[in-house]
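Commentary on secondary and tertiary structure
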Amino acid sequence: MFIAFEGPEGSGKSTQIMLLSGWVRERGLSVLTTREPGGTAIGDRVRAILLDHAASEMSPQAEVLLFSAARAQLVSEVIRPHLEAGGVVLCDRFADSTMAYQGYGHQLPLDKLATITEFATGGLRPDLVAYLDIDVQAGLRRKQQHAQDDAGQWNRMEAKALAFHERVRAGYLAMAAADPARWLVVDAGQRVEDVQGHLRARVAEMLQLAIGDR
Ligand code: TYD
């Protein structure tokens, strides 16, 4: 089972992934968590190029190909082998990030992005896309707070204009509406445990697990 987590900046994906992975593991399944861009030695080097402020002149086309290169490596080196061994993979962002950020955000043609993605992933798609929805300004504020606290850095993608991030969110919502069987939309403005509750309910149903009380 392959679950991708998507959302605008500051939607709290990493916290939810951490909680969900512990819960699935307690139920006896082998869980692997990873993230994009990155997740492999090669992918982490590509990530550094992509998120570096010094790369401000990077064209959206180059951006797509670099994200896709990191994705191709992650799929073949990490995700596919774990799925083939019967495990559960939780991935912080996947191909729908390219659709949302480079497609809707940068307004590159979605059909071309779909072709590039198909090539990069060998056609692998998530069984579930857990989309954590948050108001763009609230999310960016959360993230900026974090960056100041020390946890993360205010990266090149986050520094883009508000209108860019609004298009990203609208793109996610359009994709979710077009494929409700594969997308779970959760309001990330709720308390952490309530967001987690929605995720567990859906995953329990898909994996036929008991929710339990932990
Ligand atoms: P990251 O620090 O991992 O952010 P987050 O915690 O929000 O996932 O940075 C990843 C950034 O890269 C984020 O702004 C989204 C962007 N991105 C794309 O633009 N296209 C992509 O295909 C992917 C995977 C990420």
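Anything mentioned here points back to the structure above.
This write-up is about the structure you can find in this document. Since this is a predicted model, take the numbers as computed values, not measurements.

Near the ligand lie 17 residues; those nearest to it are Glu9, Lys13, Arg93, Thr98 and Gln102. Here Arg47 contributes a side-chain N or O atom positioned 3.1 Å from an oxygen atom of the ligand. Contact with the protein chains covers 91% of the free accessible surface of the ligand, which is 540 Å². At the level of secondary structure, the elements contributing two or more residues to the shell around the ligand comprise helix H2 (41–51), helix H3 (60–84) and helix H4 (95–105). If one sorts the elements of the shell around the ligand by residue count, H4 sits on top with 4 residues. Class assignment of the residues belonging to the shell around the ligand gives a composition of 5 nonpolar, 4 polar and 8 charged.

Here we come to unusual backbone geometry. Omega for the bond connecting Glu36 with Pro37 falls within 30 degrees of zero, at -15°, which places this linkage in the cis form. Here Pro37 is to be found in the loop between strand S2 (31–35) and H2. One non-glycine residue, Gln107, lies in positive phi territory at about 65°.

Judged by pairing direction, the sheet is parallel, and its 5 strands sit side by side in the order S2-S3-S1-S4-S5 without closing on themselves. A strand with exactly one partner marks an edge of an open sheet, and here the two such strands are S2 and strand S5 (183–187). Going across the sheet, the axis of each strand differs from the next one's by a mean of 20°, ignoring polarity. In the sheet, S2 pairs with strand S3 (residues 88–92) via 5 bridges, with the strands oriented parallel. Residue Arg35 lies in a different strand from S3, and its bridge partner there is Asp92. Contacts from helix H7 (residues 162–178) reach strand S1 (2–6), strand S4 (128–133) and S5, with the element oriented near 140° to S4.

Moving on: the nonpolar core. Counting 22 residues, the largest nonpolar core has Leu50, Ala100, Tyr101, Val168, Tyr172, Met175 and Trp183 as its most contacted members. Ranked by residues supplied to this core, first place goes to H7 with 5 residues. One finds Val31, Leu128, Val186 and Ala188 within the second-largest nonpolar core, a separate group that totals 21 residues.

Looking now at the packing of aromatic side chains. Across all of its chains, the model carries 6 aromatic pairs by this definition. With 4.9 Å between their ring centres and 85° between their planes, Phe2 and Phe94 make a pair best called edge-to-face. Of the two residues, Phe2 is situated in strand S1 and Phe94 in the loop between S3 and H4; the sequence distance between them amounts to 92 residues. The pair formed by Phe2 and Phe94 is uniform in burial state, with each residue classed as buried. An angle of 80° between the planes, with centres 6.5 Å apart, marks the rings of Tyr101 and Tyr172 as edge-to-face. Here the residue Tyr101 occupies a position in helix H4, and Tyr172 occupies one in helix H7, the gap between them amounting to 71 residues. Note on Tyr101: relative accessible area 5%, which makes it buried. Every member of this aromatic cluster is reached through a ring pair, and the members are Tyr101, Tyr131, Phe164, Tyr172 and Trp183. Its end group placed over the ring of Phe94, Arg71 keeps NZ or CZ at 5.6 Å from the ring centre.

What counts and how
Per chain, residues are indexed from 1 in the order of the written sequence. For this predicted model, a pLDDT threshold of at least 70 governs which residues receive local features, and a threshold of 80 or more governs which side-chain atom pairs are given and counted, while totals over whole chains, interfaces and linings are taken from all residues. For side-chain calculations, the full set of non-hydrogen atoms in the structure is used, while hydrogens and water are omitted. One heavy atom suffices: a residue is near a molecule or strand as soon as one of its heavy atoms comes within 4 Å of it. Think of a polar contact as two N or O atoms within 3.5 Å of one another; within protein, one of them needs to be a possible hydrogen donor and the other a possible acceptor, and neighboring residues in sequence only count if both atoms come from side chains. Throughout, the Shrake-Rupley method with a 1.4 Å probe supplies accessible areas, and for residues the shown protein chains are the sole cover considered. Only DSSP runs of H or I reaching four residues or more are called helices, and only runs of E reaching two or more are called strands; each is numbered from the N terminus. Polar here means any residue outside two lists: the nonpolar Ala, Val, Leu, Ile, Met, Phe, Trp, Tyr, Cys and Pro, and the charged Asp, Glu, Lys and Arg; Gly therefore counts as polar. Strands were regarded as paired on the criterion that DSSP finds at least two bridges between them. Axis lines are fitted through C-alpha atoms, for helices just across the contact stretch, and the angle between N-to-C directions can take any value from 0 to 180 degrees. Contact definition: two residues touch when any of their heavy atoms are within 4.5 Å. Buried Ala, Val, Leu, Ile, Met, Phe, Trp, Tyr and Cys residues that are joined via side-chain atoms within 4.5 Å together make up what is termed a nonpolar core. Each residue is placed in one exposure class: buried if its accessible area under a 1.4 Å probe, protein chains only, is under 20% of its type's maximum, exposed if it is over 50%, and partly exposed if it falls in between. In this analysis, rings of Phe, Tyr and Trp, with Trp reduced to its six-membered ring, are considered paired at centre separations within 6.5 Å, and the interplanar angle assigns stacked below 30 degrees, edge-to-face beyond 60, and tilted for intermediate values. For a ring to carry a charge above it, either NZ of a lysine or CZ of an arginine must fall within 6 Å of the ring centroid while also lying within 35 degrees of the normal to the ring plane.

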